[in-house]
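Secondary and tertiary structure notes
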Amino acid sequence: MADSSPVVSKTNKKTLWKVIGASSLGTLIEWYDFYIFGSLAIVISTKFFPPDNPTAAFLSTLATFAAGFVVRPFGALFFGRLGDLIGRKYTFLVTLLVMGLATCAIGLVPGYETIGFAAPVIVLLLRLLQGLALGGEYGGAATYVAEHSEPEKRGFRTSWIQTTATFGLFISLGVIMLTKSSMSAEAFDEWGWRVPFLISSVMVVVSYFIRRNMDESPLFKKAKSEGKTSSNPLRESFGKRYNFKFVLLALFGATMGQGVIWYTGQFYALSFLQNVCRVDFDQTNYIIGAALLAGTGFFVFFGWLSDKVGRKPIMLAGMLLAILTYRPIYDRIYRLTDVSNKQELVDQQRMEGGATIKVYDDGSVATLIDHDGIPTQTVKVGQRTFFSLALLIFIQVLYVTMVYGPIAAFLVEMFPVRIRYTSMSLPYHIGNGIFGGLLPAVATYLVTKAQATNAVALQASGAMPYDKPYLAGLWYPIIIAGVSFVIGLLYLKNKNQDVQ
Amino acid sequence: MNTIKRLLGALWIMLGLAAGYYLIVSQAIPQFSSGKSEDLVPAIIYTFILMPIITGGLCIFGWYALRGEYDDN
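Everything numeric here is computed off the predicted structure, so don't read it as measured data.

Below, the discussion takes up the overall build of chain B. Assigned secondary structure in chain B consists of two helices and zero strands. Taken against the 2.2 N^0.38 rule, which gives 11 Å for 73 residues, the C-alpha radius of gyration of chain B at 16 Å runs more than 25% over that of a compact globule. Taken along its principal axes, the extent of the C-alpha atoms in chain B is 55 × 15 × 15 Å. Relative to its full complement of 73 residues, chain B shows a buried share of 33%. The contacts of chain B with a sequence gap of at least 6 include a subset with a gap of at least 24, amounting to 79%.

Have a look at this one:
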């Protein structure tokens, strides 16, 4: 821990907060850009994909969303290499611009009805660009802040970067809600959904000008002036066993588990409420938004705490709590929203515009609409249930803050300056982009499969193989986090490392 | 502790192989042959993304652990 170098100590507090502010703002915008696609997945599926099979269209949208995650490791390699060769500052300026252009362009692509199959193909390509940019952004921002920080406050300083992913998701939900509330449902469906994508261009320009005036990281500058930067960061990171073993350890012992917990707590929770529990679209956004807002401060708290007690115990405690409580939490969410558990106020049942409206004793309202012979039900839960759901999501956000708050400092401390950007970006983006990013698609598929298997078994013999098919999707994060927990517990060291 | 870390190296290798077998034989092959469009996406994810990372990564990680690369000293 005794690494308070002259380079770091020269960075005064005011400059440090500027560094944190500018880095966090850019990263926040990139997360916003990345997540509006996911937050608008249901709308996008109807705009860019063939309308004849809504389930296949939704799964294709999730797959396109997931494609953005899958290319993140490639972005990490490409931009990480640049960051270790030419510097952190210029690299994350480029990633910011690429992300902004791709997001804005998604908002301008004509729909499937206008240009046919070209629409999903163009959207997929733009989504891939978004993923590449994000792959380069995070490692740069985390490294940049960490290399400016005092060693004893590195967890605290970098935790501000960690808040940006959640804030980005929160702002994406907020902008969508604001846009929706400022126009009719028809207008939003027709063109209004494009607005959140287009707004990104303004935010990116502002952030670009702020970042442009920042200095290069002092540690990188020093290494460069002494001729100590790597000439081939990729080969040094992954071709040399000494470094590569730490890349694997970072992936399997930390980021893999952290990734699935992040995406379960913030994204799968949203998907579960909307697609499995059939809770009203707007209301789910409010529920998730409330939980995110209440939980985000804990990123900073756990980042700060990791400076005192070490990164490892906090991250592993978050993983363990998630593994043990996911099933009870999601079971409770399902039962809270299941109207068959509620008492219907029969005298208040009515018809409105072809839909049957049912009111329940806890204030929940179910709307039953017949879509081409298939009855579809959405539920708007009562106030008490709303707060119970927000609390259950908040608990998951708390787990997210435990595993995610300290991880930037943890990763930065694992690798030396000369290959840091490359080496830390890859495990981070495989853990989050691949294991985490694929979670909504894989978990939704597992639930759909379990429900279909039960339906077939019910028709055949009456005995259903899945007791609670709606919880089938949770096996994916539970198993992945379980393996990561054991590897982390045995192989990770708790001592916070010198970053120089 | 170092002995446990090394012995568990074999477990990670076996876990990687078992996960690969499960993802391909139990999941991807039946999904590819089901003919349903909604099965295609997870089959591709399992075969070309998750399986190489989990199987390849865990096997190399396990091999390093077995050789004592992660020993405390």
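Helix and strand content of chain A: 22 helices and four strands. Rg of the C-alpha trace for chain A: 23 Å, near the compact-globule value of 23 Å for 500 residues, within the 12% margin. Within chain A, the fraction of its 500 residues that count as buried is 53%. Of all intrachain contacts in chain A linking residues separated by at least 6 positions in sequence, the fraction that spans at least 24 positions is 81%.

Okay, the sheet that holds strand β3 (residues 365-371) of chain A next. Residues and elements named next belong to chain A. Taken in spatial order, the four strands make up an open sheet running β1-β2-β3-β4, and their pairing is antiparallel. One side of each edge strand has no neighbouring strand; the edge strands of this open sheet are β1 (350-352) and β4 (374-380). Across the sheet, the mean angle separating the axes of adjacent strands is 30° when strand polarity is ignored. Two strands pair when backbone bridges link them, and β1 and strand β2 (residues 355-359) are joined in this way by three bridges, in the antiparallel orientation. Paired with R350 across the bridge in β2 is I357.

Residues and elements named next belong to chain A. For the pair helix α19 (residues 407-414) and helix α20 (residues 420-436), the least separation of the axes is 9 Å and the interaxial angle reads 130°. The orientation of α19 with respect to α20, classified from their angle, is oblique. Handedness of the α19/α20 crossing: right-handed. Of the residues in α20, those touching α19 at L411, V412 and M414 are R420, M424 and Y428.

A separate point is the interface of chain A and chain B. Opposite the 18 residues of chain A that make contact, chain B presents 17 residues. Secondary structure elements with two or more residues in the side of chain A that touches chain B: α4 (54-70), α14 (241-276), α20, α21 (439-460) and α22 (475-491) of chain A. Taken together, the residues of the side of chain A that touches chain B sort by class into 16 nonpolar, one polar and one charged.

Another aspect to go through is the pairing of β2 of chain A. Consecutive side chains along a regular strand alternate between the two faces of the sheet. Here β1 of chain A folds back onto β2 of chain A in antiparallel fashion, the turn holding two residues, of which G353 of chain A has a positive phi close to 50°. Counting the residues between successive antiparallel strands, the hairpin from β2 of chain A to β3 of chain A contains five residues, one of them, G363 of chain A, with a positive phi of roughly 95°.

Attention shifts here to the environment of D362 of chain A. All names here are of chain A. For D362, the location among the structural elements is in the loop between β2 and β3. A residue is classified by how many C-beta atoms lie within 10 Å of it, and D362, with 16 of them, is partly exposed. Residues D362 and G382, 20 residues apart in the sequence, show an inter-C-alpha distance of 5.7 Å. Not counting residues up to four positions away in its chain, the partners in contact with D362 are K342, G382, R384 and T385.

What follows covers helix α15 (residues 281-295) of chain A. All names here are of chain A. End to end, α15 covers 21 Å across 15 residues, agreeing with the expected 21 Å (1.5 Å per residue, within 8%). Every buried residue belonging to α15 is among T284, N285, I287, I288, G289, A291, L292 and G295, and all of these are buried. Looking at the packing, one finds that the buried side of α15 touches α9 (154-181), α14, α16 (297-309) and α18 (383-404).

Attention now goes to the confidence of the model for chain A. Residues and elements named next belong to chain A. Mean pLDDT for chain A: 88, with 96% of residues reaching 70 or above. The spread of mean pLDDT over the elements of chain A runs between helix α1 (residues 6-9), the lowest at 50, and helix α17 (residues 311-337), the highest at 97. pLDDT under 50 marks residues 1-7. Its contacts with residues more than four places away, or in other chains, come to 14 contacts.

Below, the discussion takes up the environment of P120 of chain A. All names here are of chain A. Note on placement: P120 falls in helix α8 (residues 118-148). Judged by the 24 C-beta atoms lying within 10 Å of it, P120 is buried. Considered as a pair, P120 and T61 are 59 residues apart in the sequence and their alpha carbons are 8.8 Å apart. When sequence neighbours within four positions are dropped, the list of residues in contact with P120 reads F48, F49 and Y112.

Take unusual backbone geometry next. Residues and elements named next belong to chain A. Positive phi, normally seen in glycine, also occurs at R278, with a value near 60°. One can find R278 in the loop between α14 and α15. Judged by the 18 C-beta atoms lying within 10 Å of it, R278 is partly exposed.

What counts, and at which threshold
What you see as residue numbers is a count from 1 along each chain, following the sequence as written. The order in which chains are written sets their letters, starting at A; the order in which ligands are written sets their numbers, starting at 1. Local features are withheld for residues below a pLDDT of 70 in this predicted model, meaning they are given only at 70 or higher, and side-chain atom pairs are given and counted only at 80 or more; totals for whole chains, interfaces and linings count all residues. Secondary structure elements are taken from DSSP: a helix is a run of H or I of four residues or more, a strand is a run of E of two residues or more, and numbering for both begins at the N terminus. We compute the radius of gyration from the C-alpha atoms alone; for a globule the expected value is 2.2 Å times N to the 0.38, where N is the number of residues. For the exposure call, what matters is how many other C-beta atoms sit within 10 Å of a residue's own: 20 or more marks it buried, 12 or fewer exposed, and in between partly exposed, using C-beta atoms placed from the backbone. Residues are treated as contacting if the C-beta atoms built from their backbones sit within 7 Å of each other. Pairing between strands is defined by DSSP: at least two bridges between them are needed. Lines fitted to the C-alpha atoms define the axes, with helices restricted to the stretch that makes contact. Angles between their N-to-C directions range from 0 to 180 degrees. Throughout this description, any angle smaller than 35 degrees is read as roughly parallel, any larger than 145 degrees as roughly antiparallel, any in the 65 to 115 degree range as roughly perpendicular, and the remainder as oblique. Put simply, a crossing is left-handed when the front helix is turned counterclockwise from the back one by less than a right angle, and right-handed when it is turned clockwise. Each residue is assigned to one class: nonpolar for Ala, Val, Leu, Ile, Met, Phe, Trp, Tyr, Cys and Pro, charged for Asp, Glu, Lys and Arg, and polar for all the others, Gly among them. An expected span of 1.5 Å times one less than the residue number is assigned to each helix. Residue-level confidence of the predictor, termed pLDDT, takes values from 0 up to 100.

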